[in-house]
There are 2 protein chains.
Amino acid sequence: MALFKVEALYDFVGESNTAELSITAGETLTVTRVDIGEGWWEGLNSKGQSGLFPEAYVSKIEDSTPPSMPPPVLPPQANDWGGAQQDDDWDDEWDNDDTYSEIANTQRESHYSNEPNQNQFSYGAAHADNLSESNFSVDNRGTVAKKSLNIFSSYVKSGLESYIFGTLKDIPAHTNVRIYRENDNIFRWEMISNPYTVQVTSPKKASKMGGLKSFIAYQLTPSFTGIEVSRRYKHFDWLHNRLSEKFNVIAMPPLPDKQISGRYEEHFIEHRRVQLQEFVNYVCRHPVLSTCEVWHHFLTCTNEKQWKEGKRKAEKDQLVGANFCLCIEAPDKDLLASTIESKIENSITYISQMDQNIKGLMQTAADQQKKCENLYKREQTKIGESFFTLGVAFEHREGGMFSELATDVKKIGTTYMEIAKLYEDQAKIDWQPLTDKLYLYRGITSSYPDIFSMQKHSEQKKKECEKNSQISSVQINEVRKRTDILTYAVFAELDHFRSEMNSEFKAAMKSFLQEQVNFYRNIVSKFEDTLQRFE
Amino acid sequence: MALFKVEALYDFVGESNTAELSITAGETLTVTRVDIGEGWWEGLNSKGQSGLFPEAYVSKIEDSTPPSMPPPVLPPQANDWGGAQQDDDWDDEWDNDDTYSEIANTQRESHYSNEPNQNQFSYGAAHADNLSESNFSVDNRGTVAKKSLNIFSSYVKSGLESYIFGTLKDIPAHTNVRIYRENDNIFRWEMISNPYTVQVTSPKKASKMGGLKSFIAYQLTPSFTGIEVSRRYKHFDWLHNRLSEKFNVIAMPPLPDKQISGRYEEHFIEHRRVQLQEFVNYVCRHPVLSTCEVWHHFLTCTNEKQWKEGKRKAEKDQLVGANFCLCIEAPDKDLLASTIESKIENSITYISQMDQNIKGLMQTAADQQKKCENLYKREQTKIGESFFTLGVAFEHREGGMFSELATDVKKIGTTYMEIAKLYEDQAKIDWQPLTDKLYLYRGITSSYPDIFSMQKHSEQKKKECEKNSQISSVQINEVRKRTDILTYAVFAELDHFRSEMNSEFKAAMKSFLQEQVNFYRNIVSKFEDTLQRFE
């Protein structure tokens, strides 16, 4: 038992109904335990309340210089302590839906402390001579960040050098992913032979341990089995980590944000379902992702023992990162350096513009959504109230002449109040679905710099080999071939992304416009009804 | 020639192309003339520029305590000096359109200096025991204020006592205004026997003195003559003063505001024309106003000599204020004190509620008008830009696949920009006309407290007479009769006002709603057009 005084450096609001203790900057606390793990300490405040708080949020009293930085990123939820690292359960006993990504969270802490709220798209990395020196600016959304961080923290781990130099022991017996050349300049993943869909339905609040612990589970039904499986957000998160690790050359769609507060609210749960459906749809339509083993395991496994086995197998997968390219069969034609360079530079410009403008429209959409629910609703309500109270003034009868007009003017008032309600409801119908679509593609565009970097890095490695007189020409040819396969994969992935975005955005815009038409038609019809009283 | 230093206490922006000099608070000026008159001084600033500025805006340097009050009301325009008081011209030589109401302006200054920006509706006066002590809160809009001020400044001048006690020498030979009883409780002005209309058209900018002086003239064409007459705002203002003076028992519609800046701008001129048309319409439909001599003189006189004669005649009219009631033939039945009290109290409540709620809707309308032209337009533009730039990003061709979607997404952008323009234009079509109507009726409701006060005052005078044993019963009967006529006039006027407001508001609301329908239909059709591209 530790016993020493600390001063809170930042406010921390503990999650209610957990062991967390809310603390206020400047408050003195007595630390009672430091061996909680995961960045949490236990302590007492001056009122004698005991609980957990983030170690990084306090400073020993002797330590006299509190840093003037923003508060560091929170450690994983306090109620995770005591088992998260070893978690291997089909379904664990924590009531927290957002706790699975222990790796991502701890990495995030060390990485983001220097760049809070950075959210820009930088291509510096793509042009850096040495990748280990490259300084990515990554998106601060959890699921997108993770992949970047994996690459950032260790390129060796990502398998690029291993792949380029062919160091992997267990080379797969055969390739199972094919890239074909559609014409001189277009390369595509081979189409999905058996397309299928997966429905994400009925989020359910389930509880364990006699109601003490509760969580939300989503039901997934693949069209090729028709069998429903139940998955929690943390399972999606685990899956996302596996896919991101394995498919470095594929721009991964993001999962919905790891929102902490309000996660049991009906609207939040339903909205997350919609976002998960978007993610699932993207994976289902992806020629590589839709056929991979871990995804099928995720979609079909209904047995706890098999789940654990599949989970361990996926985590031990050797063909991850760049080594996944060993599974690819690409056109047997060397790529010209000039072709590569022009296509990549072109794509960098394209993706960068897309990223920036999708982000711009997302901000507009978020802004408009808020304005529909607040500003516009309020304005229409104000107008409504002004007419309504004027109508009431007309009600004052002296001579009994104005009652009809009073009713009609009041009706104008209620019409505007109904329109206020339309505005409030509208945002969920038009801006929200558009935002969900943009969110998915923005997640993808923001992970492209890493892919471009890896491609550049592989080209660089190839050139280093070509200059190295100690390497045999046979070996160099192997290196060239593998480098080309990786580049073909990037090309195929870019092509897939473009065509997906094209059709998906087209559909999203169409549905958005349709909702605009419906919304304004509704308003017209309300005014028309009211106008009839004045005819 | 005076020569002393003053410090500017407030900023004053001189009208361009006049002798006015702009001054800045804190600036030191050398006064060169103090005998300009009308509250203006002449002086030099530190740059050696010479010009006129308001005396009240500066303080002698010796005088060390500048007051911490808001700047006093401006004196009449500097270019008025030297003749305004004696003005009798058909058309004078000043280039200022707003200078006619010299009486109103000077009164306003002394009255408003204590109550800047007061704009509330007070019925205190109606209940005051002694009218000379009553403290009206009057509207700060020029044309409305004037009438209040006339009453406030001198009740004797308004002719109430003269009328009640029958002291006027030249009693008219016959009455020419009749009030009839429609049923037990309703009293009406006799209907207009020959209804007519007057079109206010084609405001023209005319100039005099070789282009040095310019003014705006409006063309008025009464339906009963078909002959166009040309009238400037100052002629309207003179007319309004005459009508207000003469018809104390009639709630006078206001003229448009005496706006100083921007009065030669096209939109301002056209809008003022619309407002003058509103005023003219109200007068034309009023059974008393529409038939009175000064109004006919104003509508028909085309000859300068006759104009001057008519003008002098109107200014010398004896049957003004309460004495106008001498022209009224009312039902020959004494009003019961209880009837009077209940009707008046009822009307006070009604008018007060109307006044307050019309004001409320006017504020909302003004607010929405501004928001259409700024906020809503800006928001729609922002949305448009976000879509448009995303469309541009789609234009980046690599494989040449996205050009169609690029065009379509850009089209969503331009659709929103077009809608932004619709918002900007809309305010002039829906909120502005509604505001004009509300402005007219708000001017009327805000002048009712004076009418109610006068009625109460006349009742009080009657009671004083009844208690006075020195007054003969014949005389008392005369007083009673005259008091009743005045009350009948108030009843008839209230009835007219209500029925006018009823039909006018109904029409205004209808047209407002119709414009809402048109506006939102426009939006729907724009979205529908754009949606077709996505089908």
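In the nomenclature of an unreviewed UniProt entry, chain A is known as Sorting nexin lst-4 of Asbolus verrucosus. Looking at the Subcellular location (unreviewed entry) heading of the UniProt record, one finds this comment for chain A: "Cytoplasmic vesicle membrane".

Turning to the nonpolar core, a few remarks are in order. Membership of the largest hydrophobic core comes to 191 residues, with the highest contact counts inside it found for A:Val249, A:Cys325, A:Ala489, B:Val249, B:Cys325 and B:Ala489. Other than its neighbours up to four places away in sequence, B:Ala489 contacts B:Ile179, B:Val249, B:Cys325 and B:Ile328.

Take the relation of the copies chain B and chain A next. Mapping chain B onto chain A calls for a rotation angle of 179 degrees and an axial translation of 0.2 Å; the resulting RMSD is 0.4 Å. The symmetry that links the two subunits is that of a two-fold axis. Among all C-alpha atoms of chain B, that of B:Tyr520 lies closest to the rotation axis, at 3.0 Å. Take the interface residues of chain B: 100% of them recur as interface residues in chain A, which is what a same-surface contact looks like.

All right, on to the packing of helix H12 (residues 431-467) of chain B against helix H13 (residues 473-532) of chain B then. Residues and elements named next belong to chain B. One way to put it is that H12 packs onto H13 with a least axis distance of 10 Å and a crossing angle of 165 degrees. As far as their axial angle goes, H13 and H12 are roughly antiparallel. Note that H12 runs across H13; the crossing there is left-handed. Taken together, the residues that form the contact of H12 with H13 break down as 14 nonpolar, 5 polar and 6 charged.

Let us look at the environment of B:Trp295. All names here are of chain B. With respect to the secondary-structure elements, Trp 295 resides in helix H8 (residues 293-300). On the neighbour-count criterion, Trp 295 (23 C-beta atoms within 10 Å) is buried. Considered as a pair, Trp 295 and Phe 187 are 108 residues apart in the sequence and their alpha carbons are 24 Å apart. Look past the residues within four positions of Trp 295 in its chain and what remains in contact with it is Val 283, Leu 289 and Ser 290.

Residue and element names in this part refer to chain A. Counting buried positions over the 5 residues of strand S4 (residues 50-54) gives 4, a clear majority of the element. In this sheet, S4 lies alongside strand S3 (residues 40-44) in antiparallel orientation, the contact comprising 5 bridges. Counted as the bridge partner of Gly 43 is Gly 51 from S4. From the end of S3 to the start of S4, which pair antiparallel, there are 5 residues, and Gly 48 there has a positive phi angle of about 85 degrees.

With 50 residues of chain B at the contact, the number on the chain A side is 50 residues. Mapped onto the side of chain B that touches chain A, the elements with two or more residues apiece are helix H10 (337-394), helix H11 (403-429) and H13 of chain B. The element contributing the most residues to the side of chain B that touches chain A is H10(B), with 21 residues. Partitioned by chemical class, the residues of the side of chain B that touches chain A number 24 nonpolar, 17 polar and 9 charged.

With that settled, consider the sheet that holds strand S6 (residues 177-183) of chain A. Consider a sheet: its strands pair through backbone hydrogen bonds, and that pairing is either parallel or antiparallel. Residue and element names in this part refer to chain A. Read from one edge of the open sheet, 3 strands run S7-S6-S11, paired in mixed fashion. The open sheet has two free edges, formed respectively by strand S7 (186-189) and strand S11 (328-329), since each of these has just one partner strand. Both S6 and S11 contribute to a ladder of 2 bridges, which runs parallel. Within the sheet, the bridge partner assigned to Val 177 lies in S11 and is Ile 328. Helix H14 (residues 473-532) contacts S6, S7 and S11 of the sheet and is inclined by roughly 85 degrees relative to S7.

So, how was this worked out
Each chain has its residues counted from 1, running along the sequence as written. Labels are handed out in written order, letters beginning with A for the chains and numbers beginning with 1 for the ligands. With pLDDT at 70 or above as the cut-off, local features in this predicted model cover only qualifying residues; side-chain atom pairs require 80 or more to be listed or tallied, and sums for whole chains, interfaces and linings still use all residues. UniProt positions are given in the numbering used here, feature names are shortened, and annotations may be inferred rather than shown by experiment. Think of a nonpolar core as buried Ala, Val, Leu, Ile, Met, Phe, Trp, Tyr and Cys residues, each tied to the set through C-beta atoms within 7 Å. With C-beta atoms placed from the backbone, a residue is labelled by how many other C-beta atoms lie within 10 Å of its own: buried for 20 or more, exposed for 12 or fewer, partly exposed between the two. Each residue gets a C-beta atom placed from its backbone, and two residues are in contact if those atoms lie within 7 Å. Alignment of the copies relies on least squares applied to C-alpha atoms, considering only residues that score at least 70 for pLDDT in both. All axes are obtained by fitting lines to C-alpha atoms, using only the stretch in contact for helices, and the reported angles, taken between N-to-C directions, cover 0 to 180 degrees. Numbering of helices and strands runs from the N terminus, with a helix taken as a DSSP run of H or I at least four residues long and a strand as a DSSP run of E at least two residues long. Note that the term roughly parallel is reserved for angles under 35 degrees, roughly antiparallel for angles over 145, roughly perpendicular for angles of 65 to 115, and oblique for everything else. By definition, any crossing whose near helix is turned counterclockwise from its far helix by less than a right angle is left-handed, and any crossing with a clockwise turn is right-handed. Classification convention: Asp, Glu, Lys, Arg as charged; Ala, Val, Leu, Ile, Met, Phe, Trp, Tyr, Cys, Pro as nonpolar; all other residues, Gly among them, as polar. By definition, two strands form a pair when at least two bridges between them are found by DSSP.

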